[in-house]
Structure formats: C-alpha cells, structure tokens
Amino acid sequence: MNKSELQQHDREHLLHPFTDFNDLGQQGTRVITRAEGAYITDIDGTRLLDGMSGLWCCNLGYSRKEISDAIYQQLNTLPFYNSFFQCTTVPSIELADALAEVTPAHMNNVFFTGSGSEANDTNLRLIRRFWDLQDKAEKRIVISRKNGYHGSTIAGASLGGMSGMHKQFQPLDYIEHVQQPYWFAEGGDMSPEEFGIQAARSLDEKIQELGPEKVAAFIAEPIQGAGGVVIPPETYWPEVKKVLEQYDILLVMDEVIFGFGRTGEWFGADYYGIKPDLMTFAKAVTNGYFPLGGTMVSDRVAEVIKSKGGEFTHGYTYSAHPAACMAGLATINILRNEKIIENVRDVTGPYLAKRWAELAEHPIVGEARSLGMVGALELVKDKGSRARFDDDCTAGSVCRDLSIKHGLVMRAVGDAMVIAPPLIITTEQVDELVEKAHRALDDTAKALA
Ligand code: PMP
C-alpha cells in the first residue's frame, strides 16, 4: 500500500488512542516506518529527532539489538507460559531479582502486569488487601491529584485527575483528588517554595476532611509527566512525606515515566529520597520493545500480603510474560553496564538543563524547566502575567506541528511543550534539539502574532 492508501485504511479501520476522529480524518496520520538511535523516520523518508522517546518509553533509543535478540531467543525457546497455579519461568525469576536490586532497598517483591494501567489496578487491589488483612477495612479511600495521569483503565483513569477523561465515564467513588504542585499554572504570587508547602497542606486538609482512619493510600507521580512535566517545588515532597507518615497512609509512587533513569537516578523515589510502599512501573522497563508493567511492593506490604494467608485473587494472563521479562533483563543490563543513568546525572542532564534554560529568553516562553532528561516550555503571550495566547490553549498544538516541520518531535500538553528525549542522547544532539525547538518557537511567535 502507498501512503495515501495506508492513510485511507487507517481512517476506515483503526481507532487511535486519545484521538478526535474527525480531526484525524481530515489531517491524515503520519506513517512512521523506521527508527534508529534517537531518530524516527516516516514513510516519506523524513527523519525526526524523537524528543519524546516514543511515548516516554524508548529510553535507550531504537537500535538496541540486545533487547530484540533476547525477545527473539525467548520466543523460540518458551514463547509463553503463565505464572499461575504454582508455575514459574526462568526469565520472570531473573527479572524479579534484577528489579529487587535496582529499586529502593526496601522493595523486594514485584507483581507483573502488561501495562502501567494494569499495574495501577493491581495497586488498588493490593492496597485494599493490605488494610483488610490487618482488620482496617475502613481504610478505603485513595487520594490522588488533579491533572495526574495513572492510565486509561477504569481504575487508572479514576486515579488520574484528568477532567476531560472523567467526563467520559463514571469514575470510582472511593478516589479523591487534591491540588497538584504546578507552580507556573497555579502558584499565583507565591514563591515556588511557599506554593510547594501549600500544595502538600491541601493533602493534609483533605485527609482531615475525610477522616485519616478512612484514607488507605496516596498515589502520585514523582513529577507529573502527561500533565505537562510538572516538577514540584523542592518543598513539596518532604512535606507530603511528613503528612503521610503522620496518618499511616500508604504511598504509591507511579514511576511509569520516571522509572529507569529519567531523573538521572534509577527512580524518582531515589531522586527525592522517598520510600514508597508501592511503586508502579512500565514503559522503559523493556525500553518500550515489549509490553510489560508491574508494581514493586515494599517489604512492609509484601510481609502482610504473603504471610497473612489466603489467596490474592488477582492476576493477568500476561503477568510475567517470558519474552517481556527477557526484554526487561536486557534493558536493565544495558542501563547498568553502560552507566547510562550516571551519564544523564553527570553529563547530559546538566547539559540539557543549561541549554534548555536558554529558551526562557524567547519572547513567548514564560518558563523553561527541566530535570534529568525531561523538560517543558510554558508558552505565553505575556511573560509578566503568564497570560496564555487563548483560553483553549491552541498555541501548544501550533508549536508542536511547527516543531515537526523543523525535524523535532515535541509534545504539547495544553500550552506546555514537553520533551523526554532518549537517555542515550548526546550533547551534540541536545544542541540539535534546542536549536530545532528555538526555530519552532520563532515560527510559533510569527504564526500567533
Ligand atoms: N502512569 C503514568 C504515570 C503514565 O504516564 C502512564 C502512561 N503514560 C500510565 C500510568 C499508564 O500506562 P499504560 O499506558 O502502559 O497503561
């Protein structure tokens, strides 16, 4: 099929995720056919620097044959077996071991799933089981944050704080949402530090309003990814930690985006020095090469679930899929052997921080923030008042399309332009990224003038 035939068939038969089908029908899809290193290529032969690592998942880029070979070999040896009914497989044991090593020291058990959403469903099941087994059945409510993202299943989307998603289904009624620590959008006249404390206090207030004895857990991304790379003020996490400890509420860190090196540490929990009770992962665990997710379970929770007896009635066909586990092992080996995360922490992360910060000088950029290998630019009409171009936040999509014209994939979250390049990006490629982003900003300013 040629390009237009492919687009026609796509229109006729494929329902894309998070897509307005009318818009897509008019514009047509971009057909991506190849990828190497940090670049993707479309059917016209146009090569783009992938500033988003696929969908925040290909942290090692697209050319790691060790991972595809590991999958291939596993598929030719034992393509599938389940881990139900007293069965196990060698890859699942080896990956569980490796995860216990690279995750925080107090986390030594894993429950495997096929995706991040399924892992957050698993978290809800584990949380309830944990409290039930300790005769605290009244602890039922899970607190989450507005504009957080935790997946697209009913549980994931209920935990998430995306109002556009909530409008399209009936969210679970035992999930409550509190303020997010998004200083640029909501901090007003407060300093980031003051605002961080205030956002954490809103959690405290919510707990008191609901009754601490009824609150089972708090779930949050270390940094909100899909919400626009919202890096919390430094005061936020220490204060949240205090609040949760005070009321004996479990902490679930959703590390689906930040796990496996994006902050320059293995996990966001390491970066912030926090000890979560449960930790969701997916995406980069297999470098995006094979679907796999899971939740790391702390010793405190695992002790209760394992020793207090009875069946934990939960699991998926693809929990611990052997080929996925081999992909995970190969990915972790590369991250370790090539010191990829250390390089982000010591070399490319600081370099990106320096170059990305230069974009704050651009007339339509209200803030340029970054950490490790993520960044965001806030597009504004007026820097002083942080006023947006329009209420519908269309500047972001204008800038995204212009960025693609300049050969760079950035994502628009409202009027925040977001990047999460592969961790293997070189300093020269960081220069290329920043220069392309700069040109996209220039064109956006012209287009919106
Ligand atoms: N949690 C977070 C923080 C995510 O960013 C995502 C996906 N972007 C998910 C959960 C859901 O993962 P999946 O799409 O694999 O279900």
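Remember, it's a predicted structure, so these values are computed and weren't measured experimentally.

1. Overview of the site of the ligand
Then step 1. Around the ligand, the structure places 16 residues, and the nearest of them are S115, G116, S117, G151 and V256.
Then step 2. Taken together, the residues that form the shell around the ligand break down as five nonpolar, nine polar and two charged.

2. Quick look at the pairing of strand β9 (residues 278–281)
Then step 1. Here β9 shows a buried face lined by L278 and T280 and a second buried face lined by M279 and F281.
Then step 2. Sheet analysis places strand β8 (residues 250–254) next to β9, joined by three bridges and oriented parallel. Within β9, the position partnered with V252 by the bridge is L278.
Then step 3. The pairing of β9 with strand β10 (residues 293–298) spans four bridges and is antiparallel. Looking at the pairing, M279 lines up with M296 of β10.

3. Here we look at the sheet that holds β9
Then step 1. Across the sheet, seven strands lie side by side as β4-β10-β9-β8-β7-β5-β6; this open sheet has mixed pairing. Here the strands that pair on one side only, and so sit at the sheet edges, are β4 (107–113) and β6 (175–178). Within this sheet the neighbouring strands show an average axis-to-axis angle of 25 degrees, counted without direction.
Then step 2. One ladder, built from four bridges, connects strand β7 (residues 215–220) with β8; its direction is parallel. Bridge pairing links I219 to V252 in β8.
Then step 3. Helix-sheet contacts for helix α10 (residues 192–210) involve β5 (141–145), β6 and β7, and the interaxial angle to β6 is about 145 degrees.

4. Things to note about the nonpolar core
Then step 1. Within the largest apolar cluster, 128 residues are counted, with the highest numbers of intra-cluster contacts made by A217, F218, V297, A327, M417 and V418.
Then step 2. Residue contributions to this core reach at least three from each of two domains, namely domain 1 (31–63 + 339–448) and domain 2 (71–178 + 211–223 + 248–335).
Then step 3. If near-sequence neighbours (up to four positions away) are discounted, M417 is found in contact with A376, L377, L379, G396, C399, M410 and A412.

5. Looking at the sheet that holds strand β2 (residues 39–42)
Then step 1. Read from one edge to the other, the open sheet built from four strands follows the order β1-β2-β3-β13, with strand pairing classed as mixed. The open sheet has two edge strands with one neighbour each: β1 (32–36) and β13 (408–409).
Then step 2. Direction of pairing for strand β3 (residues 47–50) relative to β13: parallel, over a ladder of two bridges. Across the sheet, residue D50 finds its bridge partner in β13, namely V409.

6. Points about the domain arrangement of the protein chain
Then step 1. Domain assignment breaks the protein chain into domain 1 (31–63 + 339–448) and domain 2 (71–178 + 211–223 + 248–335).
Then step 2. Computed from C-alpha coordinates alone, the two centres of domain 1 and domain 2 are separated by 29 Å.
Then step 3. Listed by contribution, the elements that provide at least two residues to the side of domain 1 that touches domain 2 are α3 (53–56) and α15 (340–358).
Then step 4. With five residues, the top contributor of residues to the side of domain 1 that touches domain 2 is α15.
Then step 5. Grouping the amino acids of the side of domain 1 that touches domain 2 by side-chain chemistry returns twelve nonpolar, four polar and one charged.

7. Details of the packing of helix α16 (residues 395–405) against helix α17 (residues 427–448)
Then step 1. At a minimum axis distance of 8 Å, the contact between α16 and α17 shows a crossing angle of 130 degrees. When the axis of α16 is compared with that of α17, the two are oblique. Between α16 and α17 lies a crossing of right-handed hand. Residue-level inspection shows A395, V398, C399, L402 and S403 of α16 in contact with α17, the latter providing K436, A437, A440, L441, D443, T444, A447 and L448.
Then step 2. Of the residues belonging to the contact of α16 with α17, the class tally is nine nonpolar, two polar and two charged.

About the criteria used
- Residues numbered from 1 in each chain as written.
- Predicted model: local features only at pLDDT ≥ 70, side-chain atom pairs only at ≥ 80, totals over all residues.
- Near = placed C-beta within 6 Å.
- Nonpolar A, V, L, I, M, F, W, Y, C, P; charged D, E, K, R; others polar.
- Buried ≥ 20, exposed ≤ 12 C-beta atoms within 10 Å, placed from the backbone.
- Helix = DSSP H or I, 4+ residues; strand = E, 2+ residues; numbered from the N terminus.
- Pairing = 2+ DSSP bridges.
- Axes fitted to C-alpha atoms, helices over the stretch in contact; angles between N-to-C directions.
- Contact = placed C-beta atoms within 7 Å.
- Core = buried A, V, L, I, M, F, W, Y, C linked by C-beta atoms within 7 Å.
- Domains from an automatic or database assignment.
- Parallel < 35°, antiparallel > 145°, perpendicular 65-115°, else oblique.
- Left-handed = near helix turned anticlockwise from the far one by under 90°.

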